[in-house]
Amino acid sequence: MTLYLINILLALIWAAITGSFTFANIVFGFLLGALALYLIREQVGSLGYFRRGFKLIALAALFLYELVLSAWRVAVLVLSPRMDLKPGIFAFPLKADRDFEITLLANLITLTPGTLSVDVSEDRKFLYIHAIDCSDPDALRRDIAQGFERRIMEAFR
Amino acid sequence: MAIEPGQAVDLSGAMVLAPATPADWLVVGPVAIPIVTGAILLMVRHETRLHAGLAVAGLLAALLCNIGLLARVLDQGPLVMTMGRWLPPFGISFAADALGASLALVATLVAVVCALFATADIGAVGRRYGFYPFMMLMMAGVGGSFLTGDIFNLYVWFEVFLISSFGLLVLGSQHKQLDGATKYAILNLVGTTLFLTATALLYGTFGTLNMADIARKADGLRENAPLTTLAVLYLLAFGMKAAAFPVNFWLPASYHTPRIVTAALFGGVLTKVGVYALLRTLVMLFPPELELLSGLIAWVAAATMVIGIMGALAQTDLRRVLGFVVISGVGVMLAGLALGTSEGLAGTVFYAFHSMIVMTALYLLAGVMNGLGGSYSLSKLSGLYASNPLVAAFALLLMLAAAGLPPASGLWPKVMLVRASLDSGQPWLAFAILATGFLTTLALGRVFILTIWRPRVVAGPETPASPYLGYVALAVLSLPVVVMGLYPDPVISVAERAASAILDAPAYIGTVFPEGAAQ
Amino acid sequence: MHTLIFRTIAPYLASLMVLFSIFVLLRGHNEPGGGFIGGLIAASAFAIYGIACGVAPVRRALYFHPMAISGFGLLVSALSGGVSLFMDMPFLTGQWTEIDVLGLPVDISTVLFFDIGVYFVVVGSITSIALALEEREHA
Amino acid sequence: MAADGQWLTFLVLILPFLGAAAAPFLTRVFGHNAAWVLALFPAFIFYHFTSFLGAVAEGETVAGGYAWIESLDVDFSWYLDGLSLTFALLISGIGTLIVLYSGGYLKGHPHLGRFFSFILMFMGSMQGLVVADSFLMLFVFWELTSITSFLLIGFDHSREASRRAALQALVVTGLGGLSLLAGLLVIANITGAASLSALLSEGEVLRAAPLYMAALLLVLGGAFTKSAQFPFHFWLPNAMEAPTPVSAYLHSATMVKAGVYLVMRLNPVMGETPAWETILPVFGGTTLIIGTLLALRQTDLKLMLAYTTVASLGLLVMLTGFGSEVAVEAAVLYLVAHSMFKGALFMVAGAIDHETGTRDITKVGGIGSAMPVTFIAAVLAALSMGGLGPFFGFLAKEEIYAGLGFASGWSILLTLTAVLGNALMFAIGFAVALKPFTGARVKMPKAPHEGPVLLWLGPLVLAVDGLLAALFSDLSHRFVSSPMASAVAGEPLSVSISVVPHIGLPLLLSALTIALGIACYLTLERGRAAMAATLTAIGWGPDRGFDQAVRGTVRLSAFVTGIVQGGRLDVYMTATFIALAAALFVPMVAFGELPTMPALPSLPFYELAVLAIGFIGLAAVLHARDRLTAIVSLGIQGFAVALIFMLLGAPDLSFTQFMVETLSVVILALVMTRLRLSPADHRPTGQKMLDISIAALCGAGLGLILLRVTQVPFDDTLSVFFAENARVIAHGRNIVNVIIVDFRGLDTLGEIAVVMIAGLAILALVRIRPGVAPLKAEKQPARAVEKVEA
Amino acid sequence: METILAATVAVFFAVSIYLMLSKHIIRILLGVAIFSNAVNLTIFTAGRVVREVPPIIPEGLDTPDRITANPLPQALILTAIVISFSIFAFLLVLAFRAYQELGTDDTDGMRVAEPEGEALPPLGY
Amino acid sequence: MIELLQNLLVGSLMLVGSFFTFAAAIGLLRLPDLYSRMHAASKAGMLGAGVLLLALALFAQDHSTVTRALAAIIFLLLTAPISAHLLAKAAYAAGYRLWEGSVHDDMAEAPNGKKQPKPRSS
Amino acid sequence: MIAGQDFLAFAEQAALAILSLSFLLTVLRVVIGPSLPDRILGLDMLVTIAIGFIVVIGIRTGYTLYLDIAIALGLVGFLATVAFARFVMSRRYEEEFISDEARGQFVEKSDD
Ligand code: NA
Ligand code: NA
């Protein structure tokens, strides 16, 4: 976290030096700052900061891919003359146990068409997910565990 | 900054360049001081011990401002300040003439007394949940209504005092209050919304909101615009605020439900704002339309006064009696509007002064009587003369005042209105006024003998409330009642000035738009 | 409300909304927005926070009672209109000045403070309403 | 307008009020002996007025005063001629005696000070009434007499009869006062005169005016109620509930004579018309007969006297309206005589009551030996009342018969009326003066003995006065009767009748009267029984009518109020919106303010879609069967409005509308959580049809007037100004926002005040719960946490 | 456009008034909400209508470069919206509390302040 | 050239975005139960709006519009799942059963899936 | 260039048409319900479509300032849903709310 702050500080300093506090300039300063921090990676301790950054980007990419793909599937489904639906709610056993991770996972699942987080069990061991196609819950569980859940854990641990 | 450095902008086409002296700010004080006081009171909401002092101080400051304002207006003519220095009609003008300034003064006087009375009547809970802020903002709204020269701004001030009155009305959440407040709120909301609708149409017609601007454009538009319908809409909207028959349901439904000091403030002040607005719009903006409508207004006036006082006769609860007396007084004031003559309007204005003070005093008196006798019901409240002759003295004076009998203040405005009715060839209106006076004598005379003279019929409270603060309040209010009754000349001349202020629209226009500034 | 997901995200959302509300407030003079809309957004933020996490954290976060904030707002607005008394100008005349913040020229005006007052009034009152109603729910 | 030294008259006019203010203190210091001090006030007034006697006797008038209410053209001014001066002297003279008598009569009464105060205020009011010159001053004092007499009659307020009588007097005479005011204002309207002195020269104009009749009836409405003319006579006997000094004062010289004063005062300007000469004698004569007959019925000494007062007032009105100069002289003489003998007899009745504990004539007897002075006073007064020589009443009666004469059928009728009335009064007067004192002593609540000087001084002085005034009739005519008669007649008259009888018709009639009177006296019991039977048979009178009228008024009021203020909100709303529909359509149609037929515009499809959404939302709200559907539907129409704003170039509005709609829905949902309201519409079909019609009319009216307004060429000066200056001067590009915070910042200040107060009011609503005990104070972090309040 | 808006206004007013004529407080409140929308549209229409051009001066200019929508009615409506929202919120809570305390949402049943069949005042003296 | 490209791209995105929105609306109407409908509304709808915002970002000339459009997308992404989740949870908790054609319901057996009506929470 | 603008204009009109249609369809869902959550979902969807609508209008007119409204809707629009969800959940415990017949495809009963 400290590194984030230092990076932001560097971005602000950059903006001050260049005398322009436009958004683009600050973003540019942030990138420059990240580069500068990368240069001194040995002094600041680890590369985790940057690795995490890449993992986050990967997570985002996965999400966007899933989003567009499944949105398309839903669109096709609802526009097809005969809808073949096998909806249902299945319980997904959570590996993630931090509030933040569970929340993120649940939201990503919700945002991905075809699945919808309905609730978290009171012991926080299960996430109940409604799927528009619940013919094979185990496959869905596997997809999520391998997909979003793994990437989230990677990005935030 | 739009203006680049060194780029000079000519302000003379947009702004009033003459400096505004601190003395000009007298016109702002009656509104700004209560607002600021109310805001501060809210910030120290939990320090309930400070509230009464702050509120009384704020209102006294506003009162001083009002006195200064009226003195200046009487001395130098109307005082105009256009907010933000923008030339009228672009900015919102406050335009205090004798009518607005005098009514604002009397209203503030009444409020000071109520604030004083409330120090004993309103406990810590009432204070914490906003009694004094409500009161302050209500007076800001009332003052703003009397002083503004902009019709939409008038709407805003109406809403300010309306919502404040809601707050005062529900404070305590007794069943009766909630019931009364529901009717009060919904009906009044309809009334103000009609006012807003009429104002929207007025704006669509005139393209302006400044009342002086409207007045000077009205003649040019009369051929071409639906001004009569607009005037009727204003008559209806303000008639509701003034509690004119047949749109006065909200008043008897609610005025007896809140704390007595709230009822006193309402009974004194609120309906008069409606009457004022009727005077301001119909007399100043739509004189030809007023003439068309005068027959209708006369009937409304007569019905309001007679039905009002009949309502008073029918009630058992003293507060409800007073609510109907308020309505009856509104009818008397409307009579002057119907006549539209200088003397009639002066009578209306004088009656408004009188009614503000007397109705407030009567409600406070009812509160004192309840404190001593333990009831508001005419079938229970009794035996006060034996224990508290001073109450009897105040009661007698105030009832005489309300009935329009000497030596109290109600006589002279009635005389003026009766005379004006006869002069205008409307003897039946004079008859209605006198008959109302007679029925008021009967109604309040009955109240007097039942509550004051009649020996105790039920046991009073074990520990009667101390009436002394009430006596102080009543004394403060009775003084002007007697003075106006014995030597009404100064008040009449103020009322006449006020009447001529609205009758002489060109003069008003001339003060708002000196040397024809802007078009 | 009893939901982990909402409770977790609500504070962040609320702070984001408050930030956005300030943005809307400050640019109101040139673009759509202003004190009232900004205030409504901020009040919505507190409402969400309150619904998700309960009323007490919101009250603690605000420190002052919402109605006191509202009163403060009205005071600020009224007083910013009163500044012109000292300039021999009528009530509510806008006074503009330019000050230097970190070498940047920033316009400061009574009009801005007026709008900030509006913002506080709206935030305070609407939050007070929402919290009072929400609290009643759990009483 | 006034001569030097008029300040003294002014002082004299307000002196009673000063005395009234001092009375409670003096009484606290001196007890009942304060009467001696307080009597100095009227005595001084009497003395002051005697100083004008000379000038007035010479035919002059004394006028003076100060400007009072310049804007209404009202002066505090007085006009002293024979009429007003006589009245002023009677008021202050008898007033002096009454104050003394009160001290004796109410000795030891806890509220004696208050009583003195009231009676002095009353005296001042009466004084002002009779000397007032300007109309409004006359009216003011007229009403003051009603009010002060209300206080006096209700003095013994713990008795219901007293309260009733007081209210009755107030209501009846108050009604008359308003009638008088209207009459005076009509007269002022006709003649332009604002004062009596100015009016005196306007008689011709007034009598010829079309409104003369209205003015006459209104003025007489005042006079007749005050002077207890039939059918308004009932309040006067009831007023006997007052302590006897009040009765003696009000009913001899003052209150009830105010009406007579008014009639006499207006005689020169309004008299000599057929209306005047019909109405006055008819009402006066009727009152005379009815008063005497009712007096016959009574056994209470005071009531017997009270009804004879009614009768005497009738006689006075009859005489004044008769229209001959001699009748006027007779009225004057009778008025003076009556004031003295009636005052004396009332005080006698009070003394008897005070000493024996009863004033029922059938329960007192043989007290003459115990109260010799009172007895003497009583007999002297009765002689005057009976019209026997050599008392002033004799002069009056002779003049009455001379005045009425036997000239025509009309005058014969009136003469016979007078004879009959006088005979009955003769009988009753002697009944009061003789029956209690003579005969065998009967058992009475108290053992009688002569009262203190304060109790007998007054009656004795008045009774002796009646004798002296007659014996020295030259003097009394010169200074009193002639000037007064001249004033009433409006031309110089000289009264010359003396105690030396002249043989003629009047003497004959007097003899007839006395014979009849003696006969009545001897058959008093039988007459009383007959009257009682008659009245029981009739079973109704104006007195009961008064109660019925009051109750009827209250019942009628309750009925009307129940209709117009029935307590049902939906009725209130229906009436309001009917008024709105009328307010829209009547002027629009009547004054041609309907819009012209517009061309149909074409809209882009998406605008139509947005409008359609709005209408669907409205329809859904109307149709919603449960409240939440209604709320959601409400949200739809709100969103549609926001989109309309957006499409029409109002981003700020759209923004705000979206936010407000959202928050409205939120608050609705929060409130609804606890609330189960039934939104299903249970209106019966008829009601539904009515409501739909009203709503449709209002909607159509508002739409039409809006359309009409938009057809007026628009003046966009303001908006152009705002656009031109928003950035250049006010430094903002968003014109709407610049208007809100700068051009029209004051609106916004008011608006945020509304927001703040709404928040506070809602807090008060939610937090304050009646009947719930306050929770224990919580430990609160900072000041943030509210306590729940009771 | 004004014609269409006037018609829209008429419909909004009619619907809101019909709702307000009901005895059920919640319908009255729904009517009140629509009432204020109707009035706002009235103000908007009365100030005449221009499509889609917001009254905002483009950056770099001192005055608008074309005819914009009329800003004044918009400012007035903003004020009116805020006020009516505040009052609506108050009414809502008031109705809620009245319902809680009085146990009815039917205005016919709200007869505490003006009870039915009240006794006459004393007819004596 | 760039402008042409921009126009084409913006136009295409608009069509795509409105298509997704439309699909969502159709789904909202056609799908059999609340939970299924939410799939359409919360996602296809959100995606539609997101794509349209993206179109605006591409269309706009100034940075601030671009950044604000992107911010709007992020805000949508943040709030849309929350409302969907809350609605689904609430509906389920309130007793809104799955469509009878549903094939699976783990929640019905879960301890917190069978909450019985209990007294008013304090 | 012209082609690009023509296409853009076409796309604007098409998008507006499609969005208008979507609006109406969504409103239809709100009106027919049948249950409260269905209506709420419809309202939520309406907000989303409104955002799209605002954007298209913004592109059509060139007034990007409407974007702020879209942002606010994005942030605050879900508030209504939250409130309703909260309402539905709190109603859970009131017996009358869950009547037997509503257990399946539950339809909120009229309250009386
Ligand atoms: Na009032
Ligand atoms: Na505003």
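Here, every reference points to the structure presented above.
Residues numbered from 1 in each chain as written. Chains lettered and ligands numbered in written order. Predicted model: local features only at pLDDT ≥ 70, side-chain atom pairs only at ≥ 80, totals over all residues. Heavy atoms only, no water.

Caption draft 1: Main features of the overall build of chain C. Secondary structure summary: chain C contains five helices and two strands in total. Across the 139 residues that make up chain C, the buried fraction comes to 68%. Here the analysis covers contacts within chain C between residues at least 6 apart in sequence; of these, 62% occur between residues at least 24 apart. Just so you have it, chain C exposes about 4,600 Å², and 70% of that area is on carbon and sulfur atoms. (Helix = DSSP H or I, 4+ residues; strand = E, 2+ residues; numbered from the N terminus. Buried < 20%, exposed > 50% of the residue type's maximum accessible area, 1.4 Å probe, protein only. Contact = heavy atoms within 4.5 Å. Areas by Shrake-Rupley, 256 points an atom, 1.4 Å probe, with all protein chains shown as cover.)

Caption draft 2: Focus on the packing of aromatic side chains. Applying the stated criterion across every chain, the model contains 67 aromatic pairs over all chains. Between B:F448 and B:W453, the ring centres sit 5.2 Å apart and the planes meet at 75°, which makes this aromatic pair edge-to-face. Considered together, B:F448 and B:W453 belong to a single accessibility category, that of buried residues. A ring pair is formed by D:Y334 and D:F341, whose centres lie 6.3 Å apart and whose planes are at 70°; its orientation type is edge-to-face. One aromatic cluster is present, built from ring pairs that chain together B:F152, B:Y155, B:F158, B:F161, B:F195, B:Y234, B:F238 and B:F286. (Phe/Tyr/Trp six-rings, centres within 6.5 Å; stacked < 30°, edge-to-face > 60°.)

Caption draft 3: Inspection of the coordination of the sodium ion (ligand 1) at higher detail. Residue and element names in this part refer to chain B. Taken together, Y255 (OH), F266 (O), T271 (N) and T271 (OG1) make up the full set of protein donors to the sodium ion (ligand 1), lying 2.5 to 3.0 Å away. In the primary structure, the donors to the sodium ion (ligand 1) are separated according to the pattern Y-x10-F-x4-T. The burial state of F266 is the same as that of T271; both residues are buried. (Donors = N, O, S within 2.8 Å, 3.2 Å for Na, K, Ca; no water.)

Caption draft 4: Quick look at the environment of G:F84. Following the sequence through the fold, G:F84 ends up in helix 4 (residues 78-91). G:F84 gets classed as buried once you look at its relative accessible area, which sits at 0%. As a C-alpha pair, G:F84 and G:L36 span 48 residues in sequence and 8.8 Å in three-dimensional space. In contact with G:F84, not counting residues within four places along its chain, are D:L628, D:I631, D:V632, D:V665, D:A669, G:I40 and G:L43.

Caption draft 5: View of the interface of chain B and chain D. With 119 residues of chain B at the interface, the matching set in chain D holds 101 residues. Each partner contributes to the roughly 9,900 Å² buried at the junction of chain B and chain D, and carbon and sulfur atoms together form 76% of this total. Of all residues in chain B, B:F90, B:Y129 and B:W453 bury the most surface against chain D, accounting for 8% of the area lost on that side. Linking chain B with chain D are two salt bridges. Put simply, B:D150 and D:R744 hold a salt bridge, and the shortest N to O gap is 2.7 Å. (Buried area = accessible area lost by both parts, 1.4 Å probe. Salt bridge = Lys/Arg side-chain N within 4 Å of Asp/Glu carboxyl O.)

Caption draft 6: Inspection of the interface of chain E and chain B at higher detail. Across the contact, 42 residues belong to chain E and 45 residues belong to chain B. Across the chain E/chain B interface, buried area totals approximately 3,600 Å², and carbon plus sulfur atoms make up 73% of it. Considering only the surface of chain E that becomes buried against chain B, E:I87, E:A113 and E:P122 emerge as the three largest contributors, covering 16% of it. Counting across the chain E and chain B interface gives three salt bridges. Close ionic contact of E:E114 with B:K183 constitutes a salt bridge, the shortest N to O distance being 3.8 Å. Where chain E meets chain B, there are 11 residue pairs in polar contact (both at pLDDT 80 or more). Sorting the residues of the side of chain E that touches chain B by element identifies helix 1 (2-20), helix 2 (25-46) and helix 3 (71-102) of chain E as the ones contributing at least two each. Per-element tally for the side of chain E that touches chain B: the top contributor is helix 3 of chain E, with 14 residues. (Polar contact = N/O pair within 3.5 Å; in protein donor to acceptor, adjacent residues only side chain to side chain.)

Caption draft 7: Here's a closer look at the coordination of the sodium ion (ligand 2). In this structure, D:T748 (OG1), D:E751 (OE) and E:T79 (OG1) serve as the protein donors to the sodium ion (ligand 2), at separations of 2.4 to 3.1 Å. Remark: E:T79 occurs in helix 3 and D:E751 occurs in helix 33 (residues 745-767); the pair is interchain, linking two chains. On the accessibility criterion, E:T79 (3% relative accessible area) is buried.

Caption draft 8: Seen up close, helix 3 (residues 98-121) of chain B. Between its terminal C-alpha atoms helix 3 of chain B stretches 34 Å, which fits the 34 Å expected from 24 residues at 1.5 Å a residue. The element helix 3 of chain B is extensively covered by neighbouring structure, given that 20 of its 24 residues are classed as buried. (Expected span 1.5 Å × (residues − 1).)

Caption draft 9: Quick look at the nonpolar core. Ranked by size, the top nonpolar core spans 777 residues in total, and within it C:F6, D:F577 and G:F53 carry the most contacts. Among the elements that line this core, the one with the most residues is helix 3 of chain E, at 22 residues. For D:F577, the residues in contact, after removing those within four places along its chain, are B:V190, D:I694, D:C698, E:I17, E:M20, E:L21 and E:F35. Judged by nonpolar contacts, the second largest core, of five residues, contains B:F245, B:I307, D:V560 and D:V564. (Core = buried A, V, L, I, M, F, W, Y, C linked by side-chain atoms within 4.5 Å.)

Caption draft 10: Representation of the pairing of strand 1 (residues 88-93) of chain A within the structure. Here strand 1 of chain A lies mainly inside the structure; five of its six residues are buried. Note: strand 1 of chain A against strand 3 (residues 126-131) of chain A, six bridges, orientation antiparallel. The residue bridging A:A91 from the neighbouring strand is A:Y128, located in strand 3 of chain A. Here two bridges tie strand 1 of chain A to strand 1 (residues 104-105) of chain F, and the two strands are oriented parallel to one another. From the neighbouring strand, A:I89 faces strand 1 of chain F, where its bridge partner is F:D105. (Pairing = 2+ DSSP bridges.)

Caption draft 11: Broad picture of helix 5 (residues 99-111) of chain A. Residue and element names in this part refer to chain A. Look at helix 5: 18 Å from first C-alpha to last across 13 residues, which is about the 18 Å you get at 1.5 Å a residue. With 10 of 13 residues buried, helix 5 is to be regarded as a mostly interior element. For helix 5, the full list of buried residues reads E101, I102, T103, L105, A106, N107, L108, I109, T110 and L111.

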